[in-house]
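The primary structure of each chain is shown beneath.
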Amino acid sequence: MKLYQRALQMAAVAMALGLIAGLAACQTEQMARRSFPPDKRVSLQSGGPHAGTAETMTVIVNYRYRIDAREPPGRIMQIEGGINRFMAKKPESLTLHLNFLDDQGVTISRNLVFALGHKQGRDTFIRPSTTFATQLAVPPDSTYFALSSRTRLSRGRR
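Along each chain, residues carry numbers from 1 onward, in the same order as the chain's sequence is written. It should be noted that, the model being predicted, local features are given only for residues of pLDDT at least 70 and side-chain atom pairs only at 80 or more, the latter also being counted only at that level, while totals for whole chains, interfaces and linings use all residues. Excluded from the side-chain calculation are hydrogens and water; included are all heavy atoms of the structure.

1. A word on the overall build of the chain
- Numbered from the N terminus, helices here are DSSP runs of H or I no shorter than four residues, and strands are runs of E no shorter than two. On a plain count of helices and strands, the chain comes out with one helix and eight strands.
- Counted from the first residue to the last, the chain has its helices and strands arranged as α-β-β-β-β-β-β-β-β.
- Relative accessible area decides the class of each residue, using a 1.4 Å probe on protein chains only: under 20% of the type maximum gives buried, over 50% gives exposed, and in between gives partly exposed. Here the chain holds 158 residues, and the buried ones make up 30% of them.
- Two residues qualify as a contact provided that any one of their heavy atoms is within 4.5 Å of a heavy atom in the partner residue. In the chain, the share of contacts with a sequence separation of at least 24, taken over all contacts with a separation of at least 6, comes to 62%.
- Total accessible area on the chain is roughly 10800 Å²; 55% of this is exposed by carbon and sulfur atoms. Residue burial considers only the protein chains on display, and all accessible areas are found by Shrake-Rupley using a 1.4 Å probe.

Structure below.
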């Protein structure tokens, strides 16, 4: 009898942990739909090319984009640019995302446009490319876009 009760308790604990993990995954998705302040937003303009500079917490990026609205179902953005300056020293890795925003500045969709891999920072012998060029489908409700980055700093030599 005690073995059966113990098994039921373990099953209940496992279900609770599964529920917590599921709710945590929902919370992560909510965090991805973050809001950008007005000074970080760039208004989407048809035609182009339109040029600009964006500053995230870790990099300064120069970009040029053009929006082609020839296809009836949606708009296509062609964007190219490059990392102008790293704000942090010795990055081990960097990801740069383009976020399409609604009229309130909330993220509708997030797209990876540039990635600098592990140990490919500025101090390597062969310098990796710091430019990017890509095409992205613009979500229908998008009125702005914003660039965001995530950097992992080097912890010294290993």
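2. Some words on the pattern of salt bridges
- A carboxyl oxygen of Asp or Glu within 4 Å of a side-chain nitrogen of Lys or Arg is what we treat as a salt bridge. Here the structure, examined in full by the defined rule, presents one salt bridge.
- Residue Arg64 is joined to Glu80 by a salt bridge in which the shortest nitrogen-to-oxygen separation is 1.9 Å. Of this pair, Arg64 sits in strand β3 (residues 59-68) while Glu80 is found in strand β4 (residues 75-86), placing the two residues 16 residues apart along the sequence.
- On the basis of relative accessible area, Arg64 is assigned to the partly exposed category, the value being 43%.

3. Section: the nonpolar core
- To define a nonpolar core, start from buried Ala, Val, Leu, Ile, Met, Phe, Trp, Tyr and Cys residues and group those joined through side-chain atoms within 4.5 Å. Core analysis: the biggest nonpolar cluster contains 23 residues, and Met77, Ile83, Leu96, Leu98, Phe100 and Phe145 have the highest contact counts within it.
- Only β3, β4, β5 (91-101), β6 (107-116), β7 (131-138) and β8 (144-153) provide two or more residues apiece to this core.
- The biggest single contributor to this core is β3, with five residues.
- Ignoring anything within four residues of it in the chain, the contact list for Leu96 reads Val61, Ile83, Asn111, Leu112, Val113, Phe114, Phe132, Leu147, Ser148 and Ser149.

4. Observations concerning the pairing of β4
- What makes two strands pair is DSSP finding at least two bridges between them. With 10 bridges joining them, β3 and β4 adopt antiparallel strand pairing. Directly across from Ile60, in β4, lies its bridge partner Arg85.
- Note that β4 and β7 share eight bridges and pair antiparallel. Looking at β7, one finds that Ile76 is bridged to Ala137.

5. A few points about the sheet that holds β4
- The four strands are arranged β2-β3-β4-β7 in an open sheet whose pairing can be described as antiparallel. Unpaired on one side and paired on the other, β2 (47-55) and β7 mark the two borders of the sheet. Neighbouring strand axes in the sheet, compared pairwise and without regard to direction, differ in orientation by 20 degrees on average.
- Where β2 lies against β3, seven bridges are found, and the strand directions are antiparallel. Paired with Gly47 across the strands is Ile67, a residue of β3. To obtain an axis, a line is fitted to C-alpha atoms, over the contacting stretch when the element is a helix, and the angle between two such axes runs from 0 to 180 degrees between their N-to-C directions.

6. Topic: the packing of aromatic side chains
- For this analysis, a ring pair means two rings from Phe, Tyr or Trp (six-membered ring only for Trp) whose centres lie within 6.5 Å, classed as stacked if their planes differ by under 30 degrees, edge-to-face if by over 60, and tilted for the remaining angles. Overall, the coordinates contain three aromatic pairs when judged by the stated rule.
- Relative to Tyr65, the ring of Tyr63 lies with its centre 6.4 Å away and its plane at 35 degrees, an arrangement referred to as tilted. Neither residue differs from the other here; Tyr63 and Tyr65 are each classed as buried.
- Seen in terms of ring centroids, Tyr63 and Phe145 are 5.6 Å apart; in terms of plane orientation they differ by 75 degrees. Their pairing is edge-to-face. On the criterion of sequence distance, the pair formed by Tyr63 in strand β3 and Phe145 in strand β8 is long-range, its members being 82 residues apart.
- Should the NZ of a Lys or the CZ of an Arg lie within 6 Å of a ring centre and within 35 degrees of the ring normal, that charge is described as sitting over the ring. Over the ring of Tyr144 we find Arg41; its NZ or CZ atom is 5.5 Å from the centre of that ring.

7. Brief notes about the environment of Thr143
- If you trace the backbone, Thr143 turns up in the loop between β7 and β8.
- Distance in space between the C-alpha atoms of Thr143 and Leu44 is 5.6 Å, their sequence separation being 99 residues.
- Residues in contact with Thr143, not counting those within four places in the same chain, are Val42, Ser43, Leu44, Leu101, Asp102 and Asp103.
- Engagement of the side chain of Thr143 in a polar contact is seen with the backbone nitrogen of Asp103, the distance being 3.3 Å. Polar contacts, as counted here, are pairs of nitrogen or oxygen atoms within 3.5 Å of one another; within protein the pair requires one atom able to donate a hydrogen and one able to accept it, and residues that are adjacent in sequence qualify only if both atoms are side-chain atoms.

By themselves these figures say nothing about function.
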